[in-house]
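What the coordinates show
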Amino acid sequence: MKIYVDIDNTICETKGTDYLKAKPIFENINKINKLYNDGHEITYWTARGSVTKINHYDLTLKQLKTWKCLFHNLSVGEKPYYDLLICDKTKRIEEL
């Protein structure tokens, strides 16, 4: 299964756009790492920079590696910015 995972306020606590101060939520990272280890394809997908056009790729990659996140792909700034996502295939991290 291909699984897309949001980063901010899903696997880390982030206040606004101050990504340097993001704090990992290891309980949630472990849930995603288990999905990876179970053979699923994990893509971390974030809207970081989609509005400001600031490139946050290197910072985000460094954070994921430091937090020991397992994943296949990383997409930064390509996710649309939105306030609400309505989709039949979404789950909150708390549901995993």
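The structure this text deals with has already been given above.
Residues numbered from 1 in each chain as written. Predicted model: local features only at pLDDT ≥ 70, side-chain atom pairs only at ≥ 80, totals over all residues. Heavy atoms only, no water.

**Looking at helix α2 (residues 57–66)**
Stated formally: Throughout, exposure labels follow a simple rule: accessible area from a 1.4 Å probe, protein chains only, divided by the maximum for the residue type, with under 20% read as buried, over 50% as exposed, and the rest as partly exposed. Each helix is a run of H or I in the DSSP string that is no shorter than four residues. Each strand is a run of E no shorter than two, and both are numbered from the N terminus. Note: the arc covers the axis-to-C-beta directions of the helix. The contact criterion used is simple: two residues touch if any of their non-hydrogen atoms lie within 4.5 Å.
Turning to α2, its buried residues are Thr60, Gln63 and Leu64. Each buried residue of α2 sits inside an arc of 95° when the element is viewed along its axis, so together they form one side. Exposed side chains of α2 directed beyond 90 degrees from the buried face belong to Asp58, Lys62, Lys65 and Thr66. Where α2 is buried, its residues meet β4 (41–46) and β5 (73–76).

**Remarks on the pattern of salt bridges**
Worth spelling out the cut-off: Salt bridges are defined as contacts in which a side-chain nitrogen from Lys or Arg sits within 4 Å of a carboxyl oxygen from Asp or Glu.
Taken as a whole and assessed by the stated rule, the structure comprises five salt bridges. Of the charged contacts in the structure, one is a salt bridge between Arg48 and Asp8, with a shortest N-O distance of 2.7 Å. A residue pair is termed long-range when its members are at least 10 positions apart, and Arg48 in the loop between β4 and α2 and Asp8 in the loop between β1 (2–5) and β2 (12–13) qualify at 40 residues. Overall, Arg48 belongs to the buried group, its relative accessible area being 1%. We classify Asp8 as buried; its relative accessible area is 14%. A salt bridge links Asp18 to Lys21, with the nearest nitrogen and oxygen atoms 3.8 Å apart. Of the residues examined, Asp18 reaches a relative accessible area of 33% and is grouped as partly exposed.

**Examining the environment of Thr60**
By the secondary structure assignment, Thr60 is in helix α2. Classification of Thr60 as buried rests on a relative accessible area of 1%. When near neighbours in sequence (up to four residues on either side) are disregarded, Thr60 contacts Ile7, Arg48, Leu74 and Val76.

**Brief notes about the environment of Lys21**
Looking at where Lys21 falls in the secondary structure, it is placed in the loop between β2 and β3 (23–24). We classify Lys21 as exposed; its relative accessible area is 61%. Placed 67 residues apart in sequence, Lys21 and Asp88 show a C-alpha to C-alpha distance of 32 Å.

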